Amino acid sequence: MGKVIAVTSGKGGTGKSTLAVNCGMALSLLKNRVLLIDTDAGLRALDIMLGISDRVVYDLADILSGRCEPAKAIVKTPWGRLSLLPAPVVEDECDSAEALSELCKQLRQCFDFIFLDSPAGMGKWARAAAAAADQAILVVTPDPVCIRDADRMAGHVLSRHVDDIRLVINRVQPNILRKKLDGGLDVIIDAASVQLIGIVPEDRQISLAAYDGKPVVQTLHTRGGAAEAYCNIARRLCGEDVPLMDI
Ligand code: ADP
Ligand code: MG
């Protein structure tokens, strides 16, 4: 039975979709069958990030409303074990939280990991994703607004929907942290009060990969940078004890 993980944040643009794509890729390289479900209706980032937008015919809304079977809407990526269920085209209100949970229950028989890439905040789609998940990954960046957000999201908002919450601190730049954040990353970890599952450095390769429409993770052997950080998070999700990267 596969595990369902919602990738969430309070603030927008913290790196949720980038994490879903790259941890998904790393898990597939670790020989897991992985499904990314894009619940960011209207925006639909994942098909572009995976370079497969021209192959999208059906989407999540088609399945939830019973217009098509899941197998018809799921698109295989060029990377064997990694598949995508694209987001609805229209930014419609999600009134099918139960249908999403039911769908995940069904799909977890066919996949080892299912990532629900959520919109920022706790709107209907984000709540539905959290409620359908076994675990939530809260992605924050090390800035003052995000620190407040980590406290609010992990402590109050997200915990209403899912018990198991892990923290990822993304876009870490040690020089800036040293100068600007007394107490460093511990301040963020304390604010969130949930277990840290990874630290990802700021990495120019991420922006470049976005133009190419492919994950920055291409092998499990990249050393340094965000790719290694995503591989480490994937290994931790598989239960491996991997030390935190020295950034
Ligand atoms: P979200 O899904 O939370 O809105 P995205 O994954 O779309 O966020 O990322 C927002 C922007 O930040 C994108 O331009 C992405 O390339 C960039 N980004 C994300 N993570 C990193 C990183 N570790 N280093 C550099 N840029 C990053
Ligand atoms: Mg996104």
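Every residue gets a number counted from 1 within its own chain, in the order that chain's sequence is written. Both sets of labels track the order of writing: A upward for chains, 1 upward for ligands. In keeping with the predicted nature of the model, local features appear solely for residues at pLDDT of at least 70, side-chain atom pairs appear and are counted solely at 80 or more, and the whole-chain, interface and lining totals rest on all residues. Each side-chain value is derived from all of the structure's non-hydrogen atoms; neither hydrogens nor water enter the calculation.

*Asks:* It is not clear to me how the site of ligand 1 should be interpreted in this structure. Could you clarify?
*Replies:* Near ligand 1, the surroundings consist of 13 residues, among which Lys16, Ser17, Thr18, Asn170 and Asp203 are the closest. Within the backbone of Thr14, an N or O atom sits 3.2 Å from an oxygen atom of ligand 1. In this structure, a nitrogen atom belonging to ligand 1 sits 3.0 Å away from a side-chain N or O atom of Asn170. Areas reported here follow the Shrake-Rupley algorithm with a probe of radius 1.4 Å; residue values treat only the protein chains shown as occluding. Protein contact buries 79% of the 570 Å² of open area that ligand 1 shows by itself. A 1.4 Å probe that fits into a set of points on a 1 Å grid over the protein atoms alone but cannot get out defines a cavity; an open set with protein on both sides within 12 Å along at least five of seven lines defines a pocket, and lining residues are those with an atom within 4 Å of a point. Occupancy of a cavity or pocket is assigned to a molecule whenever over half of its atoms lie within 2 Å of that pocket's grid points. In this structure, ligand 1 is accommodated by the largest pocket. The cutoff for a nearby residue is simple: one of its non-hydrogen atoms must lie within 4 Å of the molecule or strand. Pairing of N or O atoms within 3.5 Å defines a polar contact, subject to two protein rules: one partner must be a possible hydrogen donor and the other a possible acceptor, and residues neighboring in sequence count only if both atoms are side-chain atoms.

*Asks:* What am I meant to see in the side chain of Asp203 here?
*Replies:* Put simply, DSSP marks the helices as runs of H or I at least four residues long and the strands as runs of E at least two long, and each gets a number from the N terminus on. In this structure, Asp203 sits in the loop between strand 8 (195-201) and helix 10 (204-212). Of the polar contacts made by the side chain of Asp203, one reaches the backbone nitrogen of Gln205; its length is 2.8 Å. Within the structure, the side chain of Asp203 is placed 2.8 Å from the backbone nitrogen of Ala226, a separation counted as a polar contact. Any pair of residues with heavy atoms lying within 4.5 Å of one another is described as a contacting pair. Once residues within four sequence positions are removed from consideration, Asp203 is found in contact with Gly225, Ala226 and Ala227.

*Asks:* Explain the packing of helix 5 (residues 97-107) against helix 6 (residues 124-132) to me, please; I cannot follow it from the model alone.
*Replies:* Two quantities define a packed helix pair, namely the angle between the helix axes and the distance between the axes. The angle between two axes is taken between their N-to-C directions and runs from 0 to 180 degrees, where each axis is a line fitted to C-alpha atoms and a helix contributes only its stretch in contact. At their nearest, the axes of helix 5 and helix 6 sit 9 Å apart, and the two run at 35 degrees to each other. Once helix 5 is placed against helix 6, the crossing between them reads as right-handed. Residues Ala97, Leu100, Ser101 and Cys104 of helix 5 form the contact with helix 6, whose participating residues are Ala128, Ala129, Ala131 and Ala132. Gly counts as polar in this scheme, as do all residues outside two lists: the nonpolar Ala, Val, Leu, Ile, Met, Phe, Trp, Tyr, Cys and Pro, and the charged Asp, Glu, Lys and Arg. A breakdown of the residues in the contact of helix 5 with helix 6 according to their chemical character gives 7 nonpolar, 1 polar and no charged. Crossings are sorted by hand: turned counterclockwise from the far helix by less than a right angle, the near helix makes the crossing left-handed, and turned clockwise it makes it right-handed.

*Asks:* Please explain the nonpolar core as it appears in this structure.
*Replies:* Nonpolar side chains in soluble globular proteins tend to be buried together. Each nonpolar core is a collection of buried residues, namely Ala, Val, Leu, Ile, Met, Phe, Trp, Tyr and Cys, held together in the definition by side-chain atoms within 4.5 Å. The cut-offs for exposure are 20% and 50% of the maximum accessible area for each residue type, with area from a 1.4 Å probe on protein chains only; residues under the lower value are buried, those over the upper are exposed, and the others partly exposed. Core analysis: the largest hydrophobic core is formed by 38 residues, its most contacted members being Leu36, Phe115, Tyr230, Ile233 and Leu237. When contributions to this core are tallied by element, the ones reaching two or more residues are strand 1 (3-8), helix 1 (16-29), strand 2 (34-38), strand 4 (82-85), strand 5 (113-117), strand 6 (135-140), strand 8 and helix 11 (225-237). Counting residues per element, this core draws most heavily on helix 11, at 8 residues. The contacts of Tyr230, once residues within four sequence positions are left out, are Thr18, Leu19, Asn22, Cys23, Ala26, Asn170, Val200, Ile206, Val216 and Val217. Of all hydrophobic cores here, the second largest spans 27 residues; its members include Val140, Val157, Leu158 and Leu181.

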